[in-house]
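Structural overview
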Amino acid sequence: MKLTLPRRSDGSEPQHLSIDAGNSFVIIGANGAGKTRFTSAVVESIGASAFRVSALDGLYGRHRVPDMAVSSLRSRCDDAVVAALERGGSVPTGLEMLLAQLMHEEMLNLIGYKLAVASNGGASLKRTRLDRVIDLWQGVFPDNKMLIDSGKILFSRGMAPDSYSEIKLSDGERAVLYYAGAVCYAPKGAVIFVDSPEIFLHPTLTNSLWNRLEAMRSDCVFCYTTHDPGFASSRNGAPVVWVRDYEPETMAWDYALMPSQDGIAPELYMSLVGARKPVLFIEGDSRRSIDARLYPLIFPDFTVRSLGSCNKVIESTRTFNGLASFHSMDSFGIVDRDRRDDQEVEYLRSKRVMVPDVAEIENMFLIEDVVRAMATVGGHDAVRAVAKVKRTVIALFKADVRQQALQHTRHYMKRMMERRVDGRFPDIATLEKHVASLLDELAPRQYYERLCREFHGYADSGDYANVLRVFNQKSMLASSNVAALCGYSNKDRYINGVISLLRTRRPEADAVRAALRRTLGAPAQ
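Residues numbered from 1 in each chain as written. Predicted model: local features only at pLDDT ≥ 70, side-chain atom pairs only at ≥ 80, totals over all residues. Heavy atoms only, no water.

Re the sheet that holds strand β13 (residues 331-334)
Strand order in the open sheet formed by four strands is β12-β11-β13-β14, with parallel pairing between adjacent strands. Strands at the two margins of the open sheet, each flanked by one partner only, are β12 (303-306) and β14 (353-354). Inspection of the sheet shows strand β11 (residues 279-282) paired to β12 by four bridges, in the parallel sense. Looking at β12, one finds that Leu280 is bridged to Val304. (Pairing = 2+ DSSP bridges. Helix = DSSP H or I, 4+ residues; strand = E, 2+ residues; numbered from the N terminus.)

Encoded structure:
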């Protein structure tokens with residue numbers, strides 16, 4: 001099936017989408033982007049092949065969008081069913097009509113079977129829509145049962161003896177029941193449009209439900225309209241139309257088919273482009289890491305995402321920038337400097353990955369301007385605090401120079417070995433010869449001794465900035481006594497103090513933020 005998408009706001013030709021039966025596609029957009037109107041335009045262009053369902057409308061009759069399952073049922077319901085439902089004095093909901101019609105068809109099927117048996121004895125009981133709904137319901141909720149008792153559809157849970165009507169089901173259970181019944185009534189070969197397919201449903205249930213419904217109606221195409229990147233990414237391989245904006249005057253949209261996102265998770269990609277802000281990828285855990293707490297306050301105009309490892313940050317930044325022609329957003333990454341040499345740092349920065357001029361994120365809290373601001377906020381002597389912190393840190397570094405040089409040498413050797421051995425060798429003898437020659441070529445002892453001299457030079461000259469650049473020592477923040485000098489009881493409270501300050505509009509907050517941005521080599525604001 002070839003679908004023509006709606007008019008474009010830039011005047012270019014509308015895009016076309018080819019979808020085979022048994023497959024699906026997704027329309028995604030932020031709230032207010034115009035995705036519901038976009039879907040309506042696609043529905044209108046398809047005509048009779050379109051079948052649109054909405055659990056919100058089916059359960060509560062809130063006609064935000066025209067629910068074609070409801071209108072189709074009204075036209076297909078037996079007159080006696082409609083009359084019986086309307087005798088209650090209120091307009092029946094889509095779910096009420098579905099259940100009544102399913103039960104009505106079930107009774108007609110049983111009567112037809114009974115008559116056929118009486119006339120020739122060789123009849124078989126046909127499988128009904130209700131049978132399919134029961135199978136799907138009990139597949140999604142394996143501890144629950146659907147029962148038919150005295151002409152009514154009832155439900156039970158687990159081993160409980162009591163049964164109850166659909167009125168006592170949760171919204172999520174009723175939504176599953178509604179979707180199962182509604183999809184059964186879609187015409188053969190229809191395009192089934194589903195508005196907010198995740199509404200009322202727990203995320204762990206949503207994927208299973210729609211996989212089952214797609215399998216049940218493999219003759220149809222499913223189109224989902226959602227703002228949830230998690231749901232969109234669950235439709236593995238499905239084309240995704242990103243609706244970015246709508247112009248009501250011209251009834252045209254800014255939209256695009258999302259390209260492949262090799263190297264970045266689809267859910268992450270869609271959530272980032274939906275946010276419409278520059279993107280910053282960082283290391284660490286999204287809840288507990290210092291990175292996740294600090295960087296959003298340094299870069300308030302960015303969407304900041306924690307990815308865990310530095311490799312994920314580097315790869316995601318590369319991939320996202322590679323798709324810049326599609327999303328037109330700036331994207332950057334930040335990784336700790338650790339023991340990277342100047343060549344590594346320059347390469348990463350050329351790829352829009354920021355590398356701070358300090359060895360690790362804890363060292364950022366020891367930058368002179370940060371210590372000065374925090375001492376001032378705490379009502380302490382800023383000059384004295386900075387001087388004492390610098391003396392302590394340099395002394396700690398001087399006592400640890402040889403171990404620091406050894407760790408830097410180890411990093412250098414590991415990186416160079418990976419580069420030099422990562423090649424093609426015709427046989428093992430050639431590889432052995434190559435590896436044996438690397439020791440003389442890389443000269444680890446000479447590299448180590450050169451670093452020792454360089455590091456001693458930093459310590460002897462009091463070069464505090466370069467000490468922070470090369471000194472990797474997690475305990476340094478606590479050992480520096482910076483917390484007490486600025487009026488805090490321990491390093492964690494000092495870190496919290498910096499983060500709390502950055503949430504304010506005080507001049508000291510601006511000074512800290514500017515100092516940290518300089519250290520990171522951040523782009524101009």
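Side note on the packing of helix α15 (residues 368-377) against helix α24 (residues 507-520)
At a closest axis distance of 9 Å, the pairing of α15 and α24 adopts a crossing angle of 165°. With respect to α24, the element α15 is oriented roughly antiparallel. Pair α15 / α24 crosses with left-handed handedness. Contacts from Asp369, Val370, Ala373, Thr376 and Val377 in α15 reach Glu508, Val512, Ala515, Leu516 and Arg518 in α24. Here the residues of the contact of α15 with α24 are counted per class, giving six nonpolar, one polar and three charged. (Axes fitted to C-alpha atoms, helices over the stretch in contact; angles between N-to-C directions. Parallel < 35°, antiparallel > 145°, perpendicular 65-115°, else oblique. Left-handed = near helix turned anticlockwise from the far one by under 90°. Contact = heavy atoms within 4.5 Å. Nonpolar A, V, L, I, M, F, W, Y, C, P; charged D, E, K, R; others polar.)

Considerations on the pattern of salt bridges
A side chain with one charge may pair with a side chain of the opposite charge, provided their charged atoms come close. Counted according to the given criterion, the structure contains 24 salt bridges. Ionic pairing is found between Glu368 and Lys390, a salt bridge with its closest N-O pair at 3.3 Å. Of the two residues, Glu368 sits in helix α15 while Lys390 sits in helix α16 (residues 382-399), which places them 22 residues apart along the sequence. On the basis of relative accessibility, which here comes to 28%, the residue Glu368 falls in the partly exposed class. Three or more residues are tied together by salt bridges with common partners; here these are Arg337, Asp342, Glu346, Arg349 and Asp357. (Salt bridge = Lys/Arg side-chain N within 4 Å of Asp/Glu carboxyl O. Buried < 20%, exposed > 50% of the residue type's maximum accessible area, 1.4 Å probe, protein only.)

Brief notes about unusual backbone geometry
Despite not being glycine, Ala443 shows a phi value in the positive range, around 50°. Along the chain, Ala443 turns up in the loop between α18 (428-442) and α19 (444-461). Residue Ala443 is classed as buried on the basis of its relative accessible area, which comes to 16%. A positive phi is found at Asn481, a non-glycine position, where the angle reads about 65°. Residue classification places Asn481 among the partly exposed residues on the basis of a relative accessible area of 42%.

Describing the packing of aromatic side chains
Tallied over the entire structure, the rule returns 19 aromatic pairs. Pairing Phe38 with Tyr255 gives two aromatic rings, centres 5.0 Å apart and planes at 65°, and the pair type is edge-to-face. Remark: Tyr255 occurs in strand β10 (residues 252-257) and Phe38 occurs in helix α1 (residues 35-46); sequence separation between them is 217 residues. Just as Phe38 is buried, Tyr255 falls in that class too. Judged by centre distance (4.6 Å) and plane angle (55°), the rings of Trp137 and Phe141 are tilted. Owing to a relative accessible area of 15%, Phe141 belongs among the buried residues under this scheme. One aromatic cluster is present, formed by Tyr178, Tyr179, Trp210, Phe222, Tyr224 and Phe231 through successive ring pairs. Geometry around Tyr255 places Arg8 over its ring, the cationic atom sitting 4.4 Å from the centre. The ring centre of Tyr60 lies 5.6 Å from the NZ or CZ of Arg174, which sits over that ring. (Phe/Tyr/Trp six-rings, centres within 6.5 Å; stacked < 30°, edge-to-face > 60°. Lys NZ or Arg CZ within 6 Å of the ring centre and 35° of its normal.)

Some words on the side chain of Ser331
For Ser331, the position within the fold is in strand β13. In this structure Ser331 comes out as buried when scored by relative accessible area, which is 0%. Setting aside its immediate chain neighbours within four residues, Ser331 contacts Val279, Thr317, Phe320, Asn321 and Arg352.

With respect to the nonpolar core
With 66 residues, the main nonpolar core has Tyr295 and Tyr494 as its most contacted residues. In contact with Tyr494, not counting residues within four places along its chain, are Phe365, Val370, Val371, Met374, Leu477, Val482, Ala483, Cys486 and Tyr488. In this structure, Phe51, Ala186, Leu201 and Val240 belong to the second largest nonpolar core, which totals 51 residues. (Core = buried A, V, L, I, M, F, W, Y, C linked by side-chain atoms within 4.5 Å.)

A word on the sheet that holds strand β8 (residues 221-226)
Taken in spatial order, the six strands of this open sheet run β4-β7-β8-β3-β9-β10, and their pairing is mixed. The open sheet has two edge strands, β4 (50-54) and β10, and neither has a second partner. Geometrically, the sheet is characterised by an average inter-axis angle of 20° between neighbouring strands, direction not taken into account. Of the pairings in the sheet, the one linking strand β7 (residues 191-195) to β8 comprises five bridges and is parallel in character. By the bridge assignment, Val194 is partnered in β8 with Tyr224. Strands β3 (24-28), β7 and β8 of the sheet are contacted by helix α8 (residues 203-216), whose axis makes an angle of about 150° with β8.

With respect to a nonpolar patch on the surface
On the surface, a nonpolar cluster with roughly 180 Å² of combined accessible area is contributed by Met417, Val421 and Val435. Relative to the assigned elements, Val435 resides in helix α18. The class for Val435 is partly exposed, based on a relative accessible area of 34%. (Patch = residues over 30% accessible without salt bridge, like charges linked within 9 Å, V, L, I, M, F, W, Y side chains within 5 Å. Areas by Shrake-Rupley, 256 points an atom, 1.4 Å probe, with all protein chains shown as cover.)

Considering the confidence of the model for the chain
Per-residue pLDDT for the chain averages 83, and the proportion of residues at 70 or more is 86%. The lowest-confidence element of the chain is helix α10 (residues 266-275), averaging 54 in pLDDT; the highest-confidence one is α16, averaging 96. (pLDDT = per-residue confidence, 0-100.)

A few points about helix α6 (residues 129-140)
Taking 1.5 Å per residue as the helical rise, α6 with its twelve residues ought to reach 16 Å, and the 17 Å between its terminal C-alpha atoms agrees with that figure. Residues of α6 that are buried: Arg129, Leu130, Val133, Ile134, Leu136, Trp137 and Val140. (Expected span 1.5 Å × (residues − 1).)

Points about the side chain of Ser24
Relative to the elements of secondary structure, Ser24 occurs in strand β3. By relative accessible area, which is 8% here, Ser24 ends up buried. Beyond its immediate stretch of four places on either side in the chain, Ser24 contacts Ile19, Glu214, Phe222, Tyr224, Arg235, Ala238 and Pro239.

Section: the pairing of β10
If a strand is regular, its side chains alternate between the two faces of the sheet. Here strand β9 (residues 240-247) pairs with β10 via six bridges, running antiparallel. In the sheet register, Trp242 faces β10, and the bridge partner there is Ala256. Hairpin connection, β9 to β10: the antiparallel pair is bridged by four residues, and Met251 has positive phi, about 50°.

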